[in-house]
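Coordinate analysis (summary)
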Amino acid sequence: MTPIVSIIMGSTSDLPVMGKAAQLLDDFEIPFEINALSAHRTPAQVEEFASGAAARGIKVIIAAAGMAAALPGVIAANTTLPVIGVPIASTLGGMDALLAIVQMPPGIPVATVTINGGLNAALLAVEMLAIGDKRIADRLSEYKQSLSGKIVKANAELAELKYKFKTN
């Protein structure tokens, strides 16, 4: 099985966040790989990974990083594939990582999700892949429809709550 999504994190300490991305891709039956690379500690390996990703069949890269958060931008600078950046809350509540990822120079875009937004990063990757894959598009549609079911259930549970001045 050849991976079509690559999840890259600056450190395995990012796994609690990026595990959510991995689980969603697994649930959608989308082949993926997951690795740790550091823009600062393994720059040659990051460049080699990014420049060779498309030739290996990767279609979307999800890159997570905290603090200086250079990893998504360095990857984007070395590939033509879409890169989704996930800022990790490690210092300054993750604002340092968010700003580092979102403030890319012209010509080097990185789609950026919320701080610790591994799940949304995977969903964005699924949406990108769904453009050219009906099977993925159908599964995505089912997933999105299931989200409304959660709210309907929550409202039914709230309706059962009893308070003296509750009107609904």
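Because the structure is predicted, anything quoted here is derived from the model rather than measured. (Residues numbered from 1 in each chain as written. Predicted model: local features only at pLDDT ≥ 70, side-chain atom pairs only at ≥ 80, totals over all residues. Heavy atoms only, no water.)

Now for the UniProt feature "domain: PurE" (unreviewed entry) in the protein chain. In this numbering, the UniProt entry assigns the feature "domain: PurE" (unreviewed entry) to residues 3–151. Each end of residues 3–151 is marked by a C-alpha atom, and these two atoms are 34 Å apart; helix forms 46% of the span and strand 17%. (UniProt positions renumbered as here; feature names shortened; annotations may be inferred. Helix = DSSP H or I, 4+ residues; strand = E, 2+ residues; numbered from the N terminus.)

What follows deals with the pattern of salt bridges. For the coordinates displayed, the defined rule picks out 5 salt bridges. The closest approach of N and O atoms between Glu29 and Arg139, which form a salt bridge, is 3.2 Å. Of this pair, Glu29 sits in the loop between helix H1 (15–27) and strand S2 (32–36) while Arg139 sits in helix H6 (residues 134–160), placing them 110 residues apart in sequence. With a relative accessible area of 26%, Arg139 lands in the partly exposed category. Linking Arg56 and Glu33 is a salt bridge whose minimum nitrogen-to-oxygen distance equals 2.7 Å. Of this pair, Arg56 sits in the loop between helix H2 (43–52) and strand S3 (60–66) while Glu33 sits in strand S2, and the two are 23 residues apart along the sequence. With relative accessibility at 38%, the residue Arg56 sits in the partly exposed group. (Salt bridge = Lys/Arg side-chain N within 4 Å of Asp/Glu carboxyl O. Buried < 20%, exposed > 50% of the residue type's maximum accessible area, 1.4 Å probe, protein only.)

Considering only enclosed or pocket space, the largest pocket measures out at about 280 Å³ in volume. Surrounding the largest pocket, 17 residues form its lining, Gly10, Arg41, Ala65, Gly66 and Met67 being those nearest its centre. Its residues assigned to classes, the lining of the largest pocket shows 8 nonpolar, 7 polar and 2 charged. (1 Å grid on protein atoms, 1.4 Å probe; cavity = no way out; pocket = protein on both sides within 12 Å on 5 of 7 lines; lining within 4 Å. Points joined across faces, edges and corners; volume = space filled by probe spheres on them. Nonpolar A, V, L, I, M, F, W, Y, C, P; charged D, E, K, R; others polar.)

Within the element layout of this structure, Gly107 appears in the loop between helix H4 (95–102) and strand S5 (111–112). Assessed through its relative accessible area of 66%, Gly107 is described here as exposed. The sequence separation of Gly107 and Ala77 amounts to 30 residues, and the corresponding C-alpha distance is 8.6 Å.

The next subject is the pairing of strand S4 (residues 83–88). With respect to burial, S4 is a largely interior element, 6 of its 6 residues being buried. Side chains Val83, Gly85 and Pro87 of S4 all project onto a buried face; the interleaved residues Ile84, Val86 and Ile88 project onto the opposite face, where all are buried too. By the bridge criterion, 6 bridges tie S3 to S4 in an arrangement that is parallel. Each residue of the ladder has a partner; that of Ile61, found in S4, is Val83. With helix H3 (residues 71–77) bridging S3 and its parallel neighbour S4, the resulting β-α-β unit is right-handed. For S4 and S5, the ladder comprises 2 bridges, and the chain directions are parallel. (Pairing = 2+ DSSP bridges. Right-handed = clockwise from strand over helix to strand, strands pointing away.)

Before going further, it helps to spend a moment on unusual backbone geometry. Trans is the common state for peptide bonds, and a negative phi is the common state for residues other than glycine. Even without being a glycine, Met67 presents a positive backbone phi close to 50°. Relative to the helices and strands, Met67 resides in the loop between S3 and H3. Note on Met67: relative accessible area 47%, which makes it partly exposed. A positive phi angle is found at Ala69, which is not glycine, with a value near 50°. Secondary-structure assignment places Ala69 in the loop between S3 and H3. In this structure Ala69 comes out as buried when scored by relative accessible area, which is 4%.

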